[in-house]
Amino acid sequence: MDLRLGARLAELRAERGWALGELAERSGISRSTLSRAERAEISPTASQLNRLCAVYGRTMSQLLSEVEAEPAPVVRPADQPVWEDRAAGFVRRSVSPPHAGLRGELVEGRLAPGADLAYDRPPVPGLEQHIWLLEGELEVTAQDVTHALAEGDCLRMRVWGPTRFRCPGPRSARYVLAVVLP
């Protein structure tokens, strides 16, 4: 997956005719990190991938789906792509990957206790998100408002600016994220 992701990131940059320096300026990610990610020497963090998605005007799921085969109508658990940011304690399962002609998708997220993910901008402004917490506790901050979610709670929002997902509890947080393109 890292090899295909790196190649796709390099393709997206080449399609725009950008040098690494220009992409670094636009994304706020160092040239060396971008270069290493494109060569699959490293896997970008969730925050870095989010920045790249914003620059390229894609959701994270859209980008990840571009490096996978066309999804089938029924996606068995073994076929649901999993992406991990081990350093941040974040695991993302694409339960219902993006599909041509559909605007929605389902993602399962898992945050380890103490995990704290901050995104400086949405990949697509006005992105609709529904976060249904299945296990644990989760704090979601959007538009400078922090929402403390308990098991069974569902937060609905449109994302315009920075967001933050934090697992404050002693247990991992597991949630379903429904993403709908504007």
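Residues numbered from 1 in each chain as written. Predicted model: local features only at pLDDT ≥ 70, side-chain atom pairs only at ≥ 80, totals over all residues. Heavy atoms only, no water.

**Considering helix 2 (residues 20–27)**
Buried residues of helix 2: Leu 20, Leu 23, Ala 24 and Ser 27, and no others. Around the axis of helix 2, the buried residues are gathered within 105 degrees of arc, so they sit on the same side. If you follow the buried residues of helix 2, they end up packed against helix 1 (2–16), helix 3 (31–38) and helix 4 (46–56). Where helix 2 terminates, the next one or two residues include Gly 28, which has phi positive at roughly 80 degrees. (Buried < 20%, exposed > 50% of the residue type's maximum accessible area, 1.4 Å probe, protein only. Helix = DSSP H or I, 4+ residues; strand = E, 2+ residues; numbered from the N terminus. Arc of directions from axis to C-beta. Contact = heavy atoms within 4.5 Å.)

**Topic: the side chain of Thr 141**
For Thr 141, the location among the structural elements is in strand 6 (residues 138–142). A polar side-chain atom of Thr 141 sits 2.8 Å from a polar atom in the side chain of Thr 146. Beyond its immediate chain neighbours, meaning those up to four positions away, Thr 141 contacts Thr 146, Pro 162, Thr 163 and Arg 164. (Polar contact = N/O pair within 3.5 Å; in protein donor to acceptor, adjacent residues only side chain to side chain.)

**Brief notes about the pattern of salt bridges**
For the coordinates displayed, the defined rule picks out 17 salt bridges. Here Arg 174 ties to Glu 108 by a salt bridge, and the two come within 3.2 Å at their closest N and O atoms. Taken together, the residues span a long stretch of sequence, with Arg 174 in strand 10 (residues 173–180) and Glu 108 in strand 3 (residues 104–111) at a distance of 66 residues. The exposure class of Arg 174 is partly exposed, given its relative accessible area of 26%. Owing to a relative accessible area of 13%, Glu 108 belongs among the buried residues under this scheme. Across the pair Arg 174 and Glu 135 runs a salt bridge, and its minimum N-O distance is 3.3 Å. Highlighted residues: Arg 174 in strand 10 and Glu 135 in strand 5 (residues 127–135), separated in sequence by 39 residues. Among the ionic contacts, a cluster of salt bridges with common partners joins Arg 8, Glu 11, Glu 15 and Arg 16. (Salt bridge = Lys/Arg side-chain N within 4 Å of Asp/Glu carboxyl O.)

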